[in-house]
Amino acid sequence: MPKRQPESNQEPVVQRIRLRYAKRGPLRFTSHRDFARAFERALLRANVPIAYSQGFTPHPKVSYASAAPTGVASEAEYLEIGLRAVVEPARLRLALDAALSPGLDVLEAVESPLNGGGSLADRIDASSWRIELPGIARHDAVVAVRAFLDAPEVLVERLTKQGRRTFDTRAAVVRLDCLDLEKLSDSTVSDLPSEVTDIPCAILDLVVRQVTPTVRPDDVLSGLRVVADLEPPVPPRATRLAQGVLTEQGDLVDPLAQSGEVDRPAAVVGTSSL
């Protein structure tokens, strides 16, 4: 790959690449700011020809979309980079993946149109989550989920940058279900890394729309505590499985699909309720 961009000579962007990456294991505790620093160092180590902004303090042209909260795992984090030289997306993915710590894994790299095609943020309006509740029996989780879905609203309180706010979590939830492990194949349950070994362990399937303020998995768990006094004896484990545009059928359309002639064909990355 061409050498890194010299800060004294900002060249124009000639290629844009969108990446999907994962936060796994202990690296789920990496904050968004820490990941951004690690990613910029990885760009340098991999000699990626990243483009820089103009001005006295140039910054790498990297834009992020809907970063997951600190402490949750994710298989579907997205970002876009602007490059000053054309590279092969597959080679770029391998180079960046090797330059990042294990647990911060670059899974896909797709070229996007240089002009037009919209932003990554335009392609994400909902997220799919798996929430593991160690020490909670499935029956208790089913009762709590039913109470949550039957409620006209479920108000919870959270401290935000604007101060402590009360908001409705129910309105943002598109789907909430407790998976029946007996009806699922072993591969369906264990296809993602998990540190939960407690028995029993209820597993929730959650799809939530992006609203303001953002409704996070821990907000939904707070809602379950409000309506049914459901509280796991040990911390739950949340993993974001997918992000995308929600269809009328309840599927999530892959944000790396159909951004123009360059991107790959459309694909569905989320499925309707089991």
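Bear in mind the structure is a predicted one, so any value in this text is a computation, not a measurement.

Thoughts on the side chain of Arg240
Thought 1: One can find Arg240 in strand 10 (residues 237–246).
Thought 2: By relative accessible area, which is 4% here, Arg240 ends up buried.
Thought 3: Beyond its immediate stretch of four places on either side in the chain, Arg240 contacts Ser66, Ala67, Ala68, Ala73, Ser74, Glu75, Ala76, Glu77, Ser127, Ser128 and Trp129.

Examining the confidence of the model for the protein chain
Thought 1: Chain-level pLDDT for the protein chain is 87 on average; 84% of the residues reach the 70-or-more range.
Thought 2: Model confidence for the protein chain, summarised as mean pLDDT per element, is weakest for helix 4 (residues 186–190) at 48 and strongest for helix 2 (residues 89–99) at 98.

As for unusual backbone geometry
Thought 1: Residue Pro213 is reached from Thr212 by a cis peptide bond, and omega for that bond is -5 degrees.
Thought 2: Relative to the helices and strands, Pro213 resides in the loop between strand 9 (201–209) and helix 5 (217–228).
Thought 3: With phi around 55 degrees, Asp229 is a residue other than glycine that occupies positive phi space.
Thought 4: Summarising the element assignment, Asp229 is placed in the loop between helix 5 and strand 10.

As for the nonpolar core
Thought 1: Ranked by internal contacts, the top residues of the largest apolar core, which has 28 residues, are Leu133, Leu176, Leu204 and Leu224.
Thought 2: Within the second largest apolar cluster, 24 residues are counted, among which are Tyr21, Tyr52, Leu100 and Leu104.

Some words on the packing of aromatic side chains
Thought 1: Enumeration according to the criterion identifies three aromatic pairs in this entry.
Thought 2: Pairing Phe35 with Phe39 gives two aromatic rings, centres 5.9 Å apart and planes at 20 degrees, and the pair type is stacked. Pair noted here: Phe35 and Phe39 are both in helix 1 (residues 32–45), with a separation of four residues, about one helical turn. The burial state of Phe35 is the same as that of Phe39; both residues are buried.
Thought 3: Ring pairing ties together the aromatic residues Tyr21, Phe35, Phe39 and Tyr64, which thus form one cluster.

Brief notes about the pattern of salt bridges
Side chains that carry opposite charge are capable of pairing whenever their charged atoms lie near each other.
Thought 1: Counted by the stated rule, this structure contains ten salt bridges.
Thought 2: A salt bridge links Glu108 to Arg20, with the shortest nitrogen-to-oxygen separation between them at 2.6 Å. Highlighted residues: Glu108 in strand 4 (residues 104–112) and Arg20 in strand 1 (residues 15–23), separated in sequence by 88 residues. Assigned by exposure class, Glu108 and Arg20 land together as buried.
Thought 3: The salt bridge involving Asp105 is made with Arg24; its shortest N-O contact spans 3.0 Å. Of this pair, Asp105 sits in strand 4 while Arg24 sits in the loop between strand 1 and helix 1, placing them 81 residues apart in sequence.
Thought 4: On the accessibility criterion, Asp105 (15% relative accessible area) is buried.
Thought 5: Shared partners join several salt bridges into a network, and the residues in it are Arg24, Glu75 and Asp105.

With respect to the pairing of strand 10
In the case of a regular strand, side chains alternate between the two sheet surfaces.
Thought 1: Counting buried positions along strand 10 yields eight of ten residues, so the element is predominantly enclosed.
Thought 2: Where strand 3 (residues 73–83) meets strand 10, two bridges bridge the pair, whose relative direction is parallel. Pairing of Ala73 across the sheet is with Thr239, part of strand 10.
Thought 3: Judged from the seven bridges that link them, strand 5 (residues 126–134) and strand 10 form a sheet pairing that is antiparallel.

A closer look at helix 2
Thought 1: Those residues of helix 2 that fall on the buried side of the exposure criterion are Pro89, Leu92, Leu96 and Ala99. The arc enclosing the buried residues of helix 2, seen along the axis, measures out at 90 degrees, which places them on a common side. When the buried face of helix 2 is taken as reference, the exposed residues oriented beyond 90 degrees from it are Leu94 and Ala98.
Thought 2: If you follow the buried residues of helix 2, they end up packed against strand 1, helix 1, strand 3 and strand 4.

The rules behind the values
- Residues numbered from 1 in each chain as written.
- Predicted model: local features only at pLDDT ≥ 70, side-chain atom pairs only at ≥ 80, totals over all residues.
- Heavy atoms only, no water.
- Helix = DSSP H or I, 4+ residues; strand = E, 2+ residues; numbered from the N terminus.
- Buried < 20%, exposed > 50% of the residue type's maximum accessible area, 1.4 Å probe, protein only.
- Contact = heavy atoms within 4.5 Å.
- pLDDT = per-residue confidence, 0-100.
- Core = buried A, V, L, I, M, F, W, Y, C linked by side-chain atoms within 4.5 Å.
- Phe/Tyr/Trp six-rings, centres within 6.5 Å; stacked < 30°, edge-to-face > 60°.
- Salt bridge = Lys/Arg side-chain N within 4 Å of Asp/Glu carboxyl O.
- Pairing = 2+ DSSP bridges.
- Arc of directions from axis to C-beta.

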